[in-house]
Amino acid sequence: MAEKDIYQEVLDMVNREDIVGLPDTPSMLKVLQLQFTPEEAELSLKIGLTGGTLDELSEKTGIAKDELKKKLWTMADKGTMWIDPRGDNPTYRVLGAAAPGLIETGMFGNIRFPYDVELGKALHPAVVEWARDRLCTLGFPFAPIWAHPFILPDDAKPEENIAEFLRGQDYFSVSSCPCRLSHWISDPGNHCEHMLETCLHSGEAARWFVQHNQGREITYEDALELLKKANADGLVHSININGFICNCCTDCCPLFVGFYEFNTKTMVPSPFIPKIEEDECVACGDCADICPMKAITVDQIAVVDPDTCIGCGVCITHCPSEAMAFMRRPEQVELPEDVAKHVG
Ligand code: SF4
Ligand code: SF4
């Protein structure tokens, strides 16, 4: 099989087996060419996104177990192979599109300079195309937004609190944001100024990240501190798929690219929305300036558009008059069932 065809086959396989899939574009094919050797691409086609144990995959591929294990660990170090260590017999599978997946993992490690420069240049347009061709064509908003956990109202349930989710986890890691890093590399001088190390992982995802040099180990307290710093930097806590939590900016994140560039709602709002204390609001406009959705207008007082607000809470922590607080959103937007089963 010609090399070009192998990468197209890998892309087609991901798009058959993954709920979101990858953009079928030259940039994405270039990302795959940089991530997989031709031999790894061939192996990936045999393993697929379902994968299996080493015994099963050895039988399927005809490769001796020791030799196969080395190959799969090399791929895991490159961010193309997921190894789930739970149970006595680890399972292996090719990574899908995201959380974590091939649209991100090449830039998580931040240790492969200068190899990553070429990958970053291919990855940034692929991320934009991913937003355009996949996220915005799903037909439903894909990513749940988490309200900032330190300003939740008293009636917030534990399952609505990302800090409570993290409390139940036993291991944590953080990585540089691949969307932001690839934007920086591919478009120098025209990128955001937000903090870079913002991708938070927990449980088995965190173990995989640390074991394969894609992230560094942190504590639960560090994880909470990261959420505070991200909120202070105007970033939005989003998703929680496979223990994988993003802190998104409007400039680099495909969720916001989908909203701003392609006019599509890609995010499921949190169950909360800011309420304004009219007597306290001094109409300074700080909340409108920081709101990542541009959901606030300020005339005599601030007014939040409930159809646009995603309930992130960035405005609340940036109000100098403490005139804003979360209240429960009157009508909650539900995640589609097949997405919800991967979340939390
Ligand atoms: S930041 Fe606070 S005080 Fe300023 S306009 Fe917004 S709600 Fe009013
Ligand atoms: S108004 Fe804007 S900043 Fe405030 S919670 Fe809604 S989306 Fe977030």
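Residues numbered from 1 in each chain as written. Chains lettered and ligands numbered in written order. Predicted model: local features only at pLDDT ≥ 70, side-chain atom pairs only at ≥ 80, totals over all residues. Heavy atoms only, no water.

### Digging into the pattern of salt bridges
Applying the stated criterion across every chain, the model contains 12 salt bridges. Arg-328 is the partner of Asp-155 in a salt bridge, and the nearest nitrogen-oxygen pair spans 3.2 Å. A residue pair is termed long-range when its members are at least 10 positions apart, and Asp-155 in the loop between strand E4 (143–144) and helix H7 (162–167) and Arg-328 in strand E14 (residues 324–328) qualify at 173 residues. Asp-155 gets classed as partly exposed once you look at its relative accessible area, which sits at 43%. Here Glu-204 ties to Arg-207 by a salt bridge, and the two come within 3.4 Å at their closest N and O atoms. Of this pair, Glu-204 and Arg-207 both sit in helix H9 (residues 203–211), 3 residues apart, which is roughly one turn of the helix. (Salt bridge = Lys/Arg side-chain N within 4 Å of Asp/Glu carboxyl O. Helix = DSSP H or I, 4+ residues; strand = E, 2+ residues; numbered from the N terminus. Buried < 20%, exposed > 50% of the residue type's maximum accessible area, 1.4 Å probe, protein only.)

### Brief notes about the sheet that holds strand E9 (residues 244–248)
Strands sit in the order E7-E5-E6-E9-E8 across an open sheet of 5 strands; the sheet is antiparallel. Either end of the sheet is taken by a strand with one partner, and the two such strands are strand E7 (216–218) and strand E8 (236–241). Strand-to-strand twist in this sheet, taken as the mean axis angle between neighbours without regard to direction, amounts to 30°. (Pairing = 2+ DSSP bridges. Axes fitted to C-alpha atoms, helices over the stretch in contact; angles between N-to-C directions.)

### Notes on the sheet that holds strand E2 (residues 81–84)
Strands in a sheet are paired, the pairing made by backbone hydrogen bonds, and the direction either parallel or antiparallel. Spatially, the 3 strands line up as an open sheet ordered E1-E3-E2, and their pairing is antiparallel. Looking along the sheet, the strands with just one partner apiece sit at the ends: strand E1 (52–53) and E2. As paired elements, E1 and strand E3 (residues 91–94) share 2 bridges and run antiparallel to each other. When the bridges of E3 are listed, Thr-53 appears paired with Thr-91. Sheet contacts for helix H5 (residues 65–78): E2 and E3; angle to E2, the most-contacted strand, approximately 110°. (Contact = heavy atoms within 4.5 Å.)

### Overview of unusual backbone geometry
Going from Ala-99 to Pro-100, the amide bond is cis rather than trans, its omega being -15°. With respect to the helices and strands, Pro-100 occurs in the loop between E3 and helix H6 (115–133). Backbone geometry places Asn-242, a non-glycine residue, at a positive phi of 55°. Position of Asn-242 among the secondary structure elements: in the loop between E8 and E9. With phi around 55°, Lys-294 is a residue other than glycine that occupies positive phi space. Tracing the backbone through its elements, the reader meets Lys-294 in the loop between helix H12 (286–290) and strand E12 (296–298).

### As for the site of ligand 1
Taken together, the residues surrounding ligand 1 are Cys-281, Val-282, Ala-283, Cys-284, Gly-285, Asp-286, Cys-287, Ala-302, Cys-319, Pro-320, Ser-321 and Met-324. Across the shell around ligand 1, the residue classes break down as 9 nonpolar, 2 polar and 1 charged. (Near = heavy atom within 4 Å. Nonpolar A, V, L, I, M, F, W, Y, C, P; charged D, E, K, R; others polar.)

### Remarks on the packing of helix H3 (residues 38–47) against H5
Close contact between H3 and H5 brings their axes to 12 Å; oriented N to C, the two are set at 105°. The orientation of H3 relative to H5 falls into the category roughly perpendicular. Contacts from Glu-39, Glu-40, Leu-43, Ser-44 and Ile-47 in H3 reach Leu-68, Lys-71, Leu-72, Thr-74, Met-75 and Lys-78 in H5. Here the contact of H3 with H5 is built from residues that sort into 5 nonpolar, 2 polar and 4 charged. (Parallel < 35°, antiparallel > 145°, perpendicular 65-115°, else oblique.)

### Observations concerning the site of ligand 2
What surrounds ligand 2 is the set Pro-274, Cys-291, Pro-292, Met-293, Ile-296, Val-304, Cys-309, Ile-310, Gly-311, Cys-312, Gly-313 and Cys-315. Classifying every residue of the shell around ligand 2 gives 10 nonpolar, 2 polar and no charged.

### Some remarks on the nonpolar core
The tendency in soluble globular proteins is for nonpolar side chains to be buried side by side. In terms of nonpolar packing, the biggest core is built from 93 residues, with Met-28, Phe-36, Leu-72, Met-81 and Met-324 touching the most fellow members. Those residues in contact with Met-324 that sit more than four places away from it in its chain are Pro-274, Lys-275, Ile-276, Cys-287, Ile-296, Val-304, Cys-315, Ile-316 and Cys-319. Formed by 15 residues, the second largest nonpolar core is a distinct cluster that contains Ile-162, Phe-165, Tyr-220 and Leu-227. (Core = buried A, V, L, I, M, F, W, Y, C linked by side-chain atoms within 4.5 Å.)

### Concerning the pairing of strand E6 (residues 197–202)
Counting buried positions over the 6 residues of E6 gives 5, a clear majority of the element. Pairing of strand E5 (residues 172–176) with E6, which is carried by 5 bridges, proceeds in the antiparallel orientation. When the bridges of E6 are listed, Phe-172 appears paired with Ser-202. Here 2 bridges tie E6 to E9, and the two strands are oriented antiparallel to one another. Bridge pairing in E9 links Leu-200 to Ile-245.

### Some details on the side chain of His-212
Turning to its location among the elements, His-212 is positioned in the loop between H9 and E7. A residue is classified by how much of its surface remains accessible, and His-212, at 1% relative accessible area, is buried. A polar contact of 2.8 Å, which involves the side chain of His-212, links it to the side chain of Asp-77. For His-212, the contacting residues outside a window of four places in its chain are Trp-73, Ala-76, Asp-77 and Ile-83. (Polar contact = N/O pair within 3.5 Å; in protein donor to acceptor, adjacent residues only side chain to side chain.)

### Focus: H5
Quick reminder: α-helices carry 3.6 residues per turn. Residues three or four places apart thus point the same way. The end-to-end C-alpha distance of H5, which contains 14 residues, comes to 20 Å, matching closely the 20 Å that a straight helix rising 1.5 Å per residue would cover. Taken as a whole, H5 has its buried residues at Leu-68, Lys-71, Leu-72, Met-75, Ala-76 and Lys-78. Buried positions in H5, seen along its axis, are confined to an arc of 160° and lie on one side of it. In H5, the exposed positions that point more than 90 degrees away from the buried face belong to Asp-66 and Lys-70. Buried residues along H5 sit against helix H2 (26–35), H3, helix H4 (54–61), E2, E3 and H9. With its phi angle positive at about 85°, Gly-79 sits one or two positions after the end of H5. (Expected span 1.5 Å × (residues − 1). Arc of directions from axis to C-beta.)

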